[in-house]
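Listed here are the chains, written in short residue letters.
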Amino acid sequence: MPLPHPLDGHDRAWGALAPQIRDKYECGLDDTCAVSVPHPPTAAEERRLVAQFLSGLEKLFSRENNWTFLQPLLLTMEHCTRCQTCAESCHIFEASGRNELYRPVFRSEILRRLYFKYVKHGGLLSAWQHGEIELNWPLVARLIELSYRCNLCRRCAQTCPIGADNGLVAHELRKLFSQEMGIAAKELHQQGSMLQLKVGSSTGMSPEVVKDNIAFIDEDISERTGIEVRTPWDVEGADVLLIHNAGEIMAWPENPGAFALILNVAGVKWTMSSELAGYDSINYGLWYDDVQFARVALQHAEIARQLKVKKIVVGECGHAHKALCVIADRLLSGDLNVPRESSLTLLRDIVMSGRIQFDPSRNDFPVTLHDPCNLVRLMGVVEPQREVVRALCPQFREMEPHGVNNYCCGGGSGFAIMSGHNFPDWRFHVAGRKKLEQVLNAFSDCLEPETPKYLCAPCSNCKGQFRDMLAHYKLWEQNRILYGGLVELIVNAMADVKPGFIEWEWR
């Protein structure tokens, strides 16, 4: 897919994989490498890995091992009619120039043939009906990489007439590889789930470090706004336990600072937790491993239970929303089933309540809104954030399409933090290309650098993708497109705050 205007004709070449990378890792799928699976040293090791895959395949289709997702997986395996409606909705398939590898049903068709042959033990008639396939190591190796060529945005599932979910297939394959074979992207597992469970956050921040950082943020926000800000910690019986994506504290500190200011001024009785994982809402297990997902979700719920808070509120992080507010419903019961709410609905209620005075003229610059897939398409949180930007941003304009039909930022399912080899090239050329087109179209009437523009993305993971993509195409330097969250826009419009909370500087 060519670059949209005004970038047309300025596409950068896709970096080729170095020969030493191809010699070391399995790169037989396409022109990139996301998971870095080493070549098995012997034929015996290949056979051992294939046997592990087969064992995991059988567990994937057994109720005792996969009670959480077996029903929708079986529906997808047994009832897909291959009508290809999903392909027309997939941004990756379209942006790749309709590469068959990235057609949503391509990986599903491989799994379907394996399912009928090795799980249902179909014979010749089944092979004639469903297609023949031979299981070997090259197939498994390519399938590992192929499971990481989907953003899990579920735009395909939304459009399927019968509800078949090819995004779920990619998720279930990742789960098989992680839980049965110990294979996962290191950014999600070693540097993500494992680090979070060990030290408290995938950023590496311990409880002591995070409290120091928040104290610094409070001081900075107090100075910038003229209103004293102090973040409460471990308050028993608070109305709200706020859990941020800890990446915000490290990369975009104005976001947790803005949250603290808004909640304090609105008179909300809230707290943060200094327990391990209690200050980091990320749950990368959502993308690749049900066991790791459960370990983190249980820890979040246990912290809320011990603090006796009335509810957990998830900060601006899409996947954390889906993990704790939706998928955790299948896990949490009894007194661990603490109510969970999106920060977007709470912020909407505060803005509309009249408890804070606003001056929308402070936000009189072009603003567009990105819809994080996990929040919008997969949870139905569509209007609260729009009510806020309509009220506070006079030049708000929608992307097209938007809401539940919006396109993924291209960094979904963990891609925004995966930067090995030439994978960022794939993110920019394929996964993120449709979103880039949407952003530029939304600002098509004001692309000149004299007009600062704000891309509101209320999701930490999406902001990571926008940061990398806007920098890659120099859209800040040349077109003054800045990205940020929703709370920054709210504070920027607060009448009692010093003007100019949003700093028009790249970071």
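Residues numbered from 1 in each chain as written. Predicted model: local features only at pLDDT ≥ 70, side-chain atom pairs only at ≥ 80, totals over all residues. Heavy atoms only, no water.

### What to know about the overall build of the protein chain
Moving on, step 1. For the protein chain, the count of helices and strands is 24 helices and 8 strands.
Moving on, step 2. Taking 2.2 N^0.38 as the reference for a compact globule, 507 residues should give roughly 23 Å; the C-alpha atoms of the protein chain span a radius of gyration of 23 Å, in line with that estimate.
Moving on, step 3. Overall, the C-alpha framework of the protein chain stretches about 75 × 55 × 45 Å when taken along its three principal axes.
Moving on, step 4. For the protein chain, the proportion of contacts with a sequence separation of at least 24, taken over those separated by at least 6, is 78%.
Moving on, step 5. Accessible area of the protein chain: about 19,200 Å², with a carbon and sulfur share of 51%.
Moving on, step 6. Side chains of the protein chain carry 53 positive and 62 negative charges; the gap between the two charge centres is 4 Å. (Helix = DSSP H or I, 4+ residues; strand = E, 2+ residues; numbered from the N terminus. Rg over C-alpha atoms; globule rule 2.2 N^0.38 Å. Contact = heavy atoms within 4.5 Å. Areas by Shrake-Rupley, 256 points an atom, 1.4 Å probe, with all protein chains shown as cover. Lys, Arg positive; Asp, Glu negative; His and termini not counted. Charge placed at Lys NZ, Arg CZ, Asp CG, Glu CD.)

### With respect to the packing of aromatic side chains
Moving on, step 1. Counted according to the given criterion, the structure contains 14 aromatic pairs.
Moving on, step 2. Here Tyr102 and Trp426 contribute two aromatic rings whose centre-to-centre distance is 5.8 Å and whose plane-to-plane angle is 75°, an arrangement assigned as edge-to-face. Of this pair, Tyr102 sits in the loop between α5 (91–95) and α6 (104–119) while Trp426 is found in helix α20 (residues 423–431), placing the two residues 324 residues apart along the sequence. As far as burial versus exposure is concerned, Tyr102 and Trp426 are alike and both buried.
Moving on, step 3. One aromatic cluster in this structure is built from Tyr102, Phe415, Phe423 and Trp426.
Moving on, step 4. For Arg480, the ring lying beneath its charged end belongs to Trp476, and the centroid distance is 4.4 Å. (Phe/Tyr/Trp six-rings, centres within 6.5 Å; stacked < 30°, edge-to-face > 60°. Buried < 20%, exposed > 50% of the residue type's maximum accessible area, 1.4 Å probe, protein only. Lys NZ or Arg CZ within 6 Å of the ring centre and 35° of its normal.)

### Considering the pattern of salt bridges
Moving on, step 1. If you walk through the whole model with that rule in mind, you get 38 salt bridges.
Moving on, step 2. Between Arg348 and Glu387 there is a salt bridge; the shortest N-O distance is 3.2 Å. Of this pair, Arg348 sits in helix α18 (residues 343–353) while Glu387 sits in helix α19 (residues 384–392), and the two are 39 residues apart along the sequence.
Moving on, step 3. Within the structure, one salt-bridge network assembled from shared partners comprises Arg82, Glu109, Arg112 and Arg113. (Salt bridge = Lys/Arg side-chain N within 4 Å of Asp/Glu carboxyl O.)

### Describing helix α14 (residues 254–266)
Moving on, step 1. A rise of 1.5 Å per residue sets the reference length of α14, with its 13 residues, at 18 Å; its end C-alpha atoms lie 18 Å apart and thus fit the reference within 8%.
Moving on, step 2. Within α14, 11 of the 13 residues are buried, leaving the element largely enclosed by the surrounding structure.
Moving on, step 3. Count one or two residues on from α14 and you reach Gly267, which has phi positive near 80°. (Expected span 1.5 Å × (residues − 1).)

### Some remarks on the nonpolar core
Moving on, step 1. Phe53, Leu114, Tyr148 and Phe177 are the most contacted members of the largest nonpolar core, which totals 82 residues.
Moving on, step 2. Within the second largest apolar cluster, 55 residues are counted, among which are Ile350, Val381, Val389 and Met494. (Core = buried A, V, L, I, M, F, W, Y, C linked by side-chain atoms within 4.5 Å.)

### Topic: the sheet that holds strand β8 (residues 481–484)
Moving on, step 1. The 4 strands lie next to each other as β6-β5-β7-β8, forming an open sheet whose pairing is parallel. Pairing within the sheet leaves two strands with one partner each, and these edge strands are β6 (396–397) and β8.
Moving on, step 2. Sheet topology note: the strand β7 (residues 453–456)/β8 ladder contains 4 bridges and is parallel. For Leu455, the partnering residue across the bridge sits in β8 and is Tyr483. (Pairing = 2+ DSSP bridges.)

### A look at unusual backbone geometry
Moving on, step 1. Look at the link from His5 to Pro6: it is a cis peptide, with omega at 10°.
Moving on, step 2. Tracing the backbone shows Pro6 in the segment before α1 (19–24).
Moving on, step 3. Across the junction of Glu400 and Pro401, the peptide omega takes the value -10°, indicating a cis bond.
Moving on, step 4. Positive phi values are uncommon outside glycine, yet Gln84 reaches one of about 70°.
Moving on, step 5. As for its placement among the helices and strands, Gln84 is situated in the loop between α3 (70–79) and α4 (85–89).
Moving on, step 6. Note on Gln84: relative accessible area 22%, which makes it partly exposed.
Moving on, step 7. Positive phi, close to 55°, is recorded for His121, a residue that is not glycine.
Moving on, step 8. Within the fold, His121 resides in the loop between α6 and α7 (124–130).

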